[in-house]
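# Descriptive analysis of the structure
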Amino acid sequence: MSKEHRVLTGITTTGVPHLGNLVGAVLPAIKASEQKNTLSFLFLADYHSLIKNSDSNLRHQSSFDIAACWLACGLDPKKIIFYRQSDIPHIFELAWILSCLASKGLLNRAHAYKSATSDNEAKKMQDIDKGINMGLFNYPVLMAADILMFKADYVPVGQDQKQHIEMTRDIALKFNHYYGDILTPPEAVIDKDTGILPGIDGRKMSKSYENTIPIFSEEDALRKVIMKIQTNSLEPGEPKDPSDCNIFSIYKAISPNQKINDLQKLYEEGVAWGQAKKVLFEELNSFLKPFRDEYNKIIKDRSFVEKTLIEGSEKALSVSGPIIKEVRKAIGIKGF
Ligand code: TRP
């Protein structure tokens, strides 16, 4: 039997996922975790949220909402090791060890830090580091620790995170060079389709554009959002091009092939935009209903979410424990 692959990914605990995240990331991650010969780790990157946000209630609430969301969307905690980063102290210990290996120059080149300093430059600030905390600067090291702590082989991430995985490889190789072959340099797995779902205004669906379709809205609210989707001004009866239509793109992401063909026919026959939106709403509503029902059930039972995460952290600790021991020994931090 081939070696079991370890796949690991983290979820930043800000904002509940929208439809774009659901079809582009959440459902594919859950599906991928069910593959044979794979041990999957999925965690709430709650300590990462300290970089940007100093609102403790918001942090607490976001963690809960996101955990509930993933569980509602079908994550099976028996098949995936699902945990909170903050429940695994070994990660933070490893982060310090790695920060003593990562060169400052490497971190100077990290996108998030560079974009913060170039904002300052653009504002003609004397100090280009003004307002930048060490959390932002060190963020790639913490992320490397998240990954290396579990000797993950593969890390599914969005394109924007690719550089962090390259840095993780760099840091792992440096560790191994000094201390022996212990850490696993991971590979990024980048899904090219992720993020292409358009939002209601046609730009990529994204929280920052305020054009998202929520997953757990009640029917009426969902209908309202769908009715706001922007279209061109073709009249009923005029044939319409599905390849250039937000309604169609969203429909395509959630429907079986037969239904997609049916809607395409309606487009050729000149369906009215109001009617096309109605078709999309009906389909989307029944696609989302099981997730919504489950979510409404889960959010009433906070102790279920807590218990699930504690059980997950026990499994995670049973993996990270022996690895941190190995690391300590290798670096010469051990009993006399
Ligand atoms: N930085 C990732 C993001 O913003 C989240 C994350 C934190 C992560 N630690 C990780 C992803 C480790 C993969 C592996 O999306």
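Residues numbered from 1 in each chain as written. Predicted model: local features only at pLDDT ≥ 70, side-chain atom pairs only at ≥ 80, totals over all residues. Heavy atoms only, no water.

### Focus: the overall build of the protein chain
Looking only at helices and strands, the protein chain features twelve helices and five strands. In terms of overall dimensions, the protein chain has C-alpha extents of about 85 × 55 × 40 Å along its principal axes. By the burial criterion, 45% of the 336 residues in the protein chain qualify as buried. Of all intrachain contacts in the protein chain linking residues separated by at least 6 positions in sequence, the fraction that spans at least 24 positions is 78%. For the protein chain, the computed accessible surface area is about 17,800 Å², with 53% contributed by carbon and sulfur atoms. Positive and negative side-chain charges of the protein chain, numbering 43 and 42 respectively, have mean locations separated by a distance of 4 Å. (Helix = DSSP H or I, 4+ residues; strand = E, 2+ residues; numbered from the N terminus. Buried < 20%, exposed > 50% of the residue type's maximum accessible area, 1.4 Å probe, protein only. Contact = heavy atoms within 4.5 Å. Areas by Shrake-Rupley, 256 points an atom, 1.4 Å probe, with all protein chains shown as cover. Lys, Arg positive; Asp, Glu negative; His and termini not counted. Charge placed at Lys NZ, Arg CZ, Asp CG, Glu CD.)

### Comments concerning the side chain of H48
Among the structural elements, H48 can be located in the loop between β2 (38-45) and α2 (56-72). Given a relative accessible area of 7%, H48 falls into the buried group. A distance of 3.5 Å separates polar atoms of two side chains, one belonging to H48 and the other to Q85. Ignoring sequence-local partners within four residues, the contact set of H48 consists of Q85, Y139, L142, M143 and D146. (Polar contact = N/O pair within 3.5 Å; in protein donor to acceptor, adjacent residues only side chain to side chain.)

### What about the pattern of salt bridges?
The tally for this structure, following the rule as stated, stands at 13 salt bridges. Each of the salt bridges in this network shares a partner with another, and the network as a whole consists of E34, D76 and K79. (Salt bridge = Lys/Arg side-chain N within 4 Å of Asp/Glu carboxyl O.)

### A closer look at the site of the ligand
Taken together, 14 residues are adjacent to the ligand, and G10, Y139, M143, D146 and Q161 come closest. Contact between the ligand and D146: a nitrogen atom at 2.8 Å from a side-chain N or O atom of the residue. A distance of 2.9 Å separates a nitrogen atom of the ligand from a polar side-chain atom of Q161. Protein contacts shield 89% of the accessible area of the ligand, which totals 360 Å² for the unbound molecule. Listed by contribution, the elements that provide at least two residues to the shell around the ligand are β1 (5-12), β2, α6 (134-148) and β4 (154-157). Class assignment of the residues belonging to the shell around the ligand gives a composition of eight nonpolar, five polar and one charged. (Near = heavy atom within 4 Å. Nonpolar A, V, L, I, M, F, W, Y, C, P; charged D, E, K, R; others polar.)

### Quick notes on the packing of aromatic side chains
Summed over all chains, the structure comprises eleven aromatic pairs. Seen in terms of ring centroids, Y267 and W273 are 5.7 Å apart; in terms of plane orientation they differ by 70°. Their pairing is edge-to-face. Using a relative accessible area of 0% as the deciding quantity, one classes Y267 as buried. Among the residues examined, W273 registers a relative accessible area of 10% and is labelled buried. (Phe/Tyr/Trp six-rings, centres within 6.5 Å; stacked < 30°, edge-to-face > 60°.)

### Concerning the pairing of strand β3 (residues 80-84)
With five of five residues buried, β3 lies mostly within the body of the structure. Side chains I80, F82 and R84 project from β3 onto one buried face, and the interleaved I81 and Y83 project onto a second face that is buried too. Where β2 meets β3, five bridges bridge the pair, whose relative direction is parallel. Bridge assignment links L44 to a residue of β3, and that residue is R84. For the handedness criterion, the β-α-β arrangement of β2, α2 and β3 is classed as right-handed. (Pairing = 2+ DSSP bridges. Right-handed = clockwise from strand over helix to strand, strands pointing away.)

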